[in-house]
Number of protein chains: 2
Amino acid sequence: MKRLSDIGEDSLIERLVGRLDRADGGCATVVVGPGDDCAVVDVGRRGLYQLLKTDSLVEGVHYLADAPAAKVGWKAVARVVSDFAAMGGWPGQLLVTIAMPANKEVRYVEALYRGMNKCATAHGAEICGGETSSVPEGSAAVISVAGTGWVKKGRYVTRSGGRVGDSILVTGKLGGSLRGKHLSFAPRIEESRWLVEHFRIRAMMDLSDGLARDLPRLAAASGCGFVLDEKSIPRNRGCDLFRALGDGEDYELLLTVSPRTASRLCREWNAVFPQLPLTVIGSLTEKGCGEPLAVKQGGWAHFST
Amino acid sequence: MKRLSDIGEDSLIERLVGRLDRADGGCATVVVGPGDDCAVVDVGRRGLYQLLKTDSLVEGVHYLADAPAAKVGWKAVARVVSDFAAMGGWPGQLLVTIAMPANKEVRYVEALYRGMNKCATAHGAEICGGETSSVPEGSAAVISVAGTGWVKKGRYVTRSGGRVGDSILVTGKLGGSLRGKHLSFAPRIEESRWLVEHFRIRAMMDLSDGLARDLPRLAAASGCGFVLDEKSIPRNRGCDLFRALGDGEDYELLLTVSPRTASRLCREWNAVFPQLPLTVIGSLTEKGCGEPLAVKQGGWAHFST
């Protein structure tokens, strides 16, 4: 009898979404369905597509029970905002679900909400509804944030638009997120909007599970392999290559552009975002070429044992 | 130190949403915010508002671990669809979050998804994304469904539009849901759309926590009290008044209309939906009058002990 731990997250999702039916979908049309950072939906608005995203934090998996509640709340919203950035978009309305044991302190939940509200308003989003539920005593708390966002029709970027020969770039530095960044990171909304406004970004995603897991996903979605220039990978202080690839929760942008675009992009980037590095770390190759195995070590996987 | 069990669900929500900031909200404007069955958002679409809703099922709270997975999946989606019905609308796109222990059988999750997909397509909705996460071993599974829906601009109905003297009506029969209906109910989408197309419905909600809890919420939102004609309350077979008021999970529509509308409505209803009763069960009164206490017994409350 197969259990989730036997097949892992990616192949579980593949199994599940492969069997979904299309329906008329109310008054809207799905442009990009399951498998990307957000769903992209045409809701009949001129010039804009709507983005849909949901993401959850589980106590003991994504944060520790004794982590400051306001920071956990920030993170819960920031992860969703980061996914809007990954598409080249920005957030709009958010719905918040909190499932907690009844013996949780009211003060804790209030601080959690304060952190969520702070992150939402900092990025022009607003919490407009949600839900609270109890979980049985002893069960892990679950915080789930669902949201709508927006992206210009000609500007949205998926994981699947990469082409053989594209340069692979990453914002910021990788690794060591558990030292605190995973609870207080700034989603790359501003950077992403600048990127899609000024350059033809072919593929993009945000790094949540670590480059070692996320880059193979982007490459696979684009029908490509990849090579990495390991020495060029920007690492946070105290992080070796293994940690930069595998720690996860970087919430930086991973993107590909044509090689010609890459050099112009890096030049202009440094003038606009002098504090934040943007680094070419490798390139997309023909599928089956490249070096997928070398970096498959590490990275965060749900259901793996 | 106050805990969630000390204050209960309703006052927790009141505390939390009272402190939310408004933001520019991307490219959309919130018309109805927290506190109703759905949020109502103006997304710049002619003639239509978008509805936003999220709802979760917790193992051991909303369903038992040995309940058939496909039925649990149906219920998870049907609850959200029912909330769109409560506003006079219909569903569009859905996002599904599944947080499960890693030792859960793949077959179980596949059946769950099958049930969700079945309920979605049965109501013209489509699952266009979502997420899977692990929870620590021994923790309750959480299934969360978030969705967008639509409602005609002039037709959406909130909980707060009721007026003193309004007749209170309920669809179907109440009580005994645990015998099976809570896992297989049909959200009242068709009925709701007919209602808002043909009548001026002043207030409406769906009954999830039982009439004893939900009617006081509708009355309070409308700034009214209420009187019930207890003998008229339509009960399922084997249910006494207490169970009809308190069992919960009826997923019927509770609505108010002017007394003059009520008689015409009931007549026309019986011609269109001959299989489903629609019953006048009481009326809204001045706030502070009526009989709130008599029916406050029973009903489902999260965090209560």
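Residues numbered from 1 in each chain as written. Chains lettered and ligands numbered in written order. Predicted model: local features only at pLDDT ≥ 70, side-chain atom pairs only at ≥ 80, totals over all residues.

A.B. asks: What is the right way to read the overall build of chain A from this model?
C.D. replies: Of the regular secondary structure elements, chain A holds eight helices and 11 strands. Here the C-alpha atoms of chain A give a radius of gyration of 19 Å, agreeing with the 19 Å that 2.2 N^0.38 yields for 305 residues. Overall, chain A is about 55 × 50 × 45 Å in size when its C-alpha atoms are taken along their principal axes. Within chain A, the fraction of its 305 residues that count as buried is 56%. By sequence separation, contacts in chain A at least 24 residues apart represent 85% of the contacts at least 6 residues apart. (Helix = DSSP H or I, 4+ residues; strand = E, 2+ residues; numbered from the N terminus. Rg over C-alpha atoms; globule rule 2.2 N^0.38 Å. Buried ≥ 20, exposed ≤ 12 C-beta atoms within 10 Å, placed from the backbone. Contact = placed C-beta atoms within 7 Å.)

A.B. asks: Would you mind showing me how to read unusual backbone geometry here?
C.D. replies: For Glu-249 of chain A, which is not a glycine, the phi torsion comes out positive at approximately 55°. Locating Glu-249 of chain A in the fold gives a position in the loop between helix H7 (241–246) and strand E10 (253–257). One non-glycine residue, Tyr-251 of chain B, adopts positive backbone phi at about 55°. Here Tyr-251 of chain B shows up in the loop between helix H7 (241–246) and strand E10 (253–257).

A.B. asks: Any chance you could explain the packing of helix H1 (residues 4–17) of chain A against helix H3 (residues 106–122) of chain B here in plain terms?
C.D. replies: Axes are the key here: two packed helices are described by the angle between their axes and the distance separating the axes. Between H1 of chain A and H3 of chain B, the least distance of the axes is 10 Å, while the angle of their chain directions is 20°. When the interaxial angle is binned, H1 of chain A and H3 of chain B end up roughly parallel. The handedness of the crossing between H1 of chain A and H3 of chain B is right-handed. Between H1 of chain A and H3 of chain B, the contacting residues are Leu-4, Ile-7, Leu-12, Arg-15 and Leu-16 of chain A on the first element and Val-106, Val-109, Glu-110 and Tyr-113 of chain B on the second. Residues that form the contact of H1 of chain A with H3 of chain B fall into these classes: seven nonpolar, no polar and two charged. (Axes fitted to C-alpha atoms, helices over the stretch in contact; angles between N-to-C directions. Parallel < 35°, antiparallel > 145°, perpendicular 65-115°, else oblique. Left-handed = near helix turned anticlockwise from the far one by under 90°. Nonpolar A, V, L, I, M, F, W, Y, C, P; charged D, E, K, R; others polar.)

A.B. asks: How do you make sense of the interface of chain A and chain B when you look at a structure like this?
C.D. replies: Size of an interface, as often reported, equals the accessible area lost when the parts are brought together. Between chain A and chain B, the residue contacts involve 81 residues of the former and 81 residues of the latter. For the side of chain A that touches chain B, the secondary-structure elements that each account for two or more residues are H1, strand E2 (39–42), strand E3 (48–58), strand E4 (90–100), helix H3 (106–122), strand E5 (126–134) and strand E6 (142–152) of chain A. Of the residues forming the side of chain A that touches chain B, the biggest block, nine residues, is contributed by E5 of chain A. Grouping the amino acids of the side of chain A that touches chain B by side-chain chemistry returns 39 nonpolar, 27 polar and 15 charged.

A.B. asks: Explain the sheet that holds strand E3 (residues 48–58) of chain B to me, please; I cannot follow it from the model alone.
C.D. replies: Pairing between sheet strands relies on hydrogen bonds along the backbone, with the strands arranged either parallel or antiparallel. All names here are of chain B. Read across the sheet, six strands follow the order E1-E2-E3-E6-E4-E5 without closing on themselves; strand pairing throughout is mixed. Each edge of the open sheet carries a strand with a single partner, namely strand E1 (29–32) and strand E5 (126–134). With strand direction ignored, the average angle separating the axes of adjacent strands in the sheet is 25°. Pairing of strand E2 (residues 39–42) with E3 involves three bridges; the strand directions are antiparallel. (Pairing = 2+ DSSP bridges.)

A.B. asks: I keep staring at the nonpolar core and nothing clicks. Help me out?
C.D. replies: Nonpolar side chains tend to gather and get buried jointly when the protein is soluble and globular. Core analysis: the biggest nonpolar cluster contains 194 residues, and Val-77 and Leu-94 of chain A together with Val-77 and Leu-94 of chain B have the highest contact counts within it. Non-local contacts of Leu-94 of chain B, meaning those with residues more than four positions away in its chain, are made with Val-77, Val-80, Ala-120, Ala-125, Glu-126, Ile-127, Cys-128, Val-145 and Gly-147 of chain B. (Core = buried A, V, L, I, M, F, W, Y, C linked by C-beta atoms within 7 Å.)

A.B. asks: Please clarify how the domain arrangement of chain A should be interpreted in this entry.
C.D. replies: Residue and element names in this part refer to chain A. Taken as a whole, chain A is organised into domain 1 (4–152) and domain 2 (167–286). For domain 1 and domain 2, the distance between their C-alpha centres works out to 22 Å. The element best represented in the side of domain 1 that touches domain 2 is helix H2 (residues 69–86), accounting for 11 residues. Of the residues assigned to the side of domain 1 that touches domain 2, the class counts are nine nonpolar, three polar and four charged. (Domains from an automatic or database assignment.)

A.B. asks: Even after reading the chapter, I still don't get the sheet that holds E10 of chain A, so can you show me in this structure?
C.D. replies: Residues and elements named next belong to chain A. Strands sit in the order E8-E10-E7-E11-E9 across an open sheet of five strands; the sheet is antiparallel. The open sheet has two free edges, formed respectively by strand E8 (203–206) and strand E9 (224–228), since each of these has just one partner strand. Neighbour-to-neighbour, the strand axes of this sheet turn through a mean angle of 25°, independent of strand direction. In this sheet, strand E11 (residues 278–286) lies alongside strand E7 (residues 167–171) in antiparallel orientation, the contact comprising five bridges. Its bridge partner being in E11, Val-170 is matched across the sheet by Thr-279. Against the sheet, helix H6 (residues 211–221) engages E8, E9, E10 and E11, with an angle of about 140° to E9.

A.B. asks: Quick question: what am I supposed to make of the relation of the copies chain A and chain B here?
C.D. replies: Relative to chain B, chain A is turned by 180° and slid 0.0 Å along the rotation axis, the superposed coordinates differing by an RMSD of 0.0 Å. Both chain copies can therefore be described as sitting about a two-fold axis. By C-alpha distance to the rotation axis, the residue of chain A lying nearest is Ser-139 of chain A, at 2.1 Å. Most of the interface of chain A is mirrored in chain B, where 100% of its interface residues are also at the interface. (Least-squares fit on C-alpha atoms with pLDDT ≥ 70 in both.)

A.B. asks: Which parts of the structure should I look at to understand the environment of Arg-3 of chain A?
C.D. replies: Within the element layout of this structure, Arg-3 of chain A appears in the segment before H1. Non-local contacts of Arg-3 of chain A, meaning those with residues more than four positions away in its chain, are made with Ala-102, Asn-103, Lys-104, Glu-105 and Val-106 of chain B.

A.B. asks: Before we go on, may I ask you to explain the pairing of E10 of chain A in this structure?
C.D. replies: Regular strands have side chains that alternate between both faces of the sheet. All names here are of chain A. Of all the five residues making up E10, five are buried; the element is thus mostly covered by neighbouring parts of the structure. Residue alternation in E10 divides its side chains into two sets, Leu-253, Leu-255 and Val-257 and Leu-254 and Thr-256, and both sets are buried. As judged from the four bridges shared by E7 and E10, these two strands associate in the antiparallel manner. Bridging from a neighbouring strand, Leu-169 pairs with Leu-255 of E10. In the sheet, E8 pairs with E10 via four bridges, with the strands oriented antiparallel.

A.B. asks: Where do I start with the confidence of the model for chain A in this structure?
C.D. replies: Interpreting fine coordinate detail is not advised for predicted regions of low pLDDT. Across chain A, the average pLDDT comes to 92, with 95% of residues at or above 70. Interface confidence for the predicted complex, expressed as ipTM, amounts to 0.93; the pTM equals 0.94. (pLDDT = per-residue confidence, 0-100.)

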